[in-house]
Amino acid sequence: MSLTYSDQAHLARATRALIRSTGARFAGRERGQDRQVHRESYDVHDSRAQVSRRCADGTEAGTLAWADAMVKTAREYDLLERNKGKPRPLKDTGIVVLEAVLRGHWHDFKSGRIDPALSQIQRATGYVRQTIVDALARLERHGFLGWVRRTERIRNPIAGGPTRQQINNSYFVDESRLASRAGRYVRDRFRQLLARAKARLALKAKQQPVAPPPGPPSPVRRPAPKSELSKALTALGAAVGRGSGPSLDNGLSPPSE
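Residues numbered from 1 in each chain as written. Predicted model: local features only at pLDDT ≥ 70, side-chain atom pairs only at ≥ 80, totals over all residues. Heavy atoms only, no water.

Enquirer: Explain the sheet that holds strand β1 (residues 41-43) to me, and be specific about the residues and the numbers.
Expert: Reading across from one edge, β1-β2-β3 is the order of the three strands in this open sheet, with mixed pairing throughout. A single partner strand is all that each edge strand has here, and the edge strands are β1 and β3 (164-172). Taking each pair of neighbouring strands and ignoring which way they run, the sheet shows an average axis angle of 40°. (Pairing = 2+ DSSP bridges. Helix = DSSP H or I, 4+ residues; strand = E, 2+ residues; numbered from the N terminus. Axes fitted to C-alpha atoms, helices over the stretch in contact; angles between N-to-C directions.)

Encoded structure:
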């Protein structure tokens, strides 16, 4: 009975898993209850999981300009390798995933924290999970992205069940990794593009109209001093309002009828 392609692939994966588990058992490297946690993972509070670093000056405009320079560098690197007759190292999917990771709303510009879930990258790119995983692997292989797997303790674990669970990766970009894996010329090209982006931002800031500084406050007008005539008229008006007061003829109250 011949097996289908999918059956053969499933059998191959099961065979590899059996070989790995058997080798780990003999080497004393079994993971016990937390089998779903990767070996290269660190607790979210572990110092080894603190890989976030600010990419630019902490502003939105500066960080997005930095991200655009990195994405453009990746696109040029991909095309340059293709022009040499080599397979494209990143492909279109890798460049799209890189842009989504660096420019997504999950990127905290002030701290540099980048920790989207794969499901969030799926929604941002429209790619299936395996396409994103493969794209991330290519980006990591050529130095454009790095990450650390993180875990956290389960609050109320089931007896005999896992005590830890895998959570989002924490991503970062390191220029030294880019230089060592893709080449120094790629790192230098990124710096060149970034310098141009910074120059454009500085020029744009200079061209924005600056509001003139507010002038000194207007002096408060003081009431003019009352003359003798105005004082007399004011007193007369007050007396008339009360219904009594001196007459205009003799200074006496008018006679009652």
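Structure shown, so let's carry the discussion forward.
Enquirer: Quick rundown of the packing of aromatic side chains? Include the residues and the values.
Expert: This structure, assessed with the given rule, holds three aromatic pairs. Centre to centre, the rings of Y77 and F144 are 5.7 Å apart; their planes meet at 40°, and the pair counts as tilted. Highlighted residues: Y77 in helix α2 (residues 60-83) and F144 in the loop between α5 (129-141) and β2 (146-153), separated in sequence by 67 residues. Residue classification places F144 among the buried positions, given a relative accessible area of 0%. Note on W147 and Y171: the rings are 5.8 Å apart at their centroids and 55° apart in plane angle, and the pair reads as tilted. Remark: Y171 occurs in strand β3 and W147 occurs in strand β2; sequence separation between them is 24 residues. (Phe/Tyr/Trp six-rings, centres within 6.5 Å; stacked < 30°, edge-to-face > 60°. Buried < 20%, exposed > 50% of the residue type's maximum accessible area, 1.4 Å probe, protein only.)

Enquirer: If you had to explain the packing of helix α3 (residues 91-103) against helix α4 (residues 118-125) to someone new, which residues and values would you point to?
Expert: Two numbers describe how α3 lies on α4: the axes approach to 10 Å, and their chain directions differ by 115°. Relative to α4, α3 is oriented roughly perpendicular. Crossing handedness for the pair α3 and α4: right-handed. For the pair formed by α3 and α4, the contact residues are V96, V97, A100 and V101 on the first element and I121, A124 and T125 on the second. (Parallel < 35°, antiparallel > 145°, perpendicular 65-115°, else oblique. Left-handed = near helix turned anticlockwise from the far one by under 90°. Contact = heavy atoms within 4.5 Å.)

Enquirer: Go over the nonpolar core, please, and point to the residues and values.
Expert: If you look at the biggest cluster of nonpolar residues, it comprises 32 residues, and the most contacted ones within it are W66, M70, L98, L102, F144 and L145. For this core, the secondary structure elements donating two or more residues are α2, α3, α4, α5 and α7 (184-207). No other element matches α2, which puts seven residues into this core. Excluding residues that lie within four positions of it along the chain, L145 makes contacts with L98, V101, L102, L136, L139, E140, Y171, F172, V173 and R177. (Core = buried A, V, L, I, M, F, W, Y, C linked by side-chain atoms within 4.5 Å.)

Enquirer: Before we move on, could you go through the pattern of salt bridges and cite the residues and values that matter?
Expert: Tallied over the full model, the rule gives 17 salt bridges. For D92, the salt bridge identified is with R88, shortest N-O distance 2.7 Å. A salt bridge links E140 to R181; its shortest N-O distance comes to 2.8 Å. With E140 in helix α5 and R181 in helix α6 (residues 175-181), this residue pair connects regions lying 41 residues apart in the sequence. The class for R181 is partly exposed, based on a relative accessible area of 36%. One connected set of salt bridges, linked through shared partners, spans D108, R113, D115 and R150. (Salt bridge = Lys/Arg side-chain N within 4 Å of Asp/Glu carboxyl O.)

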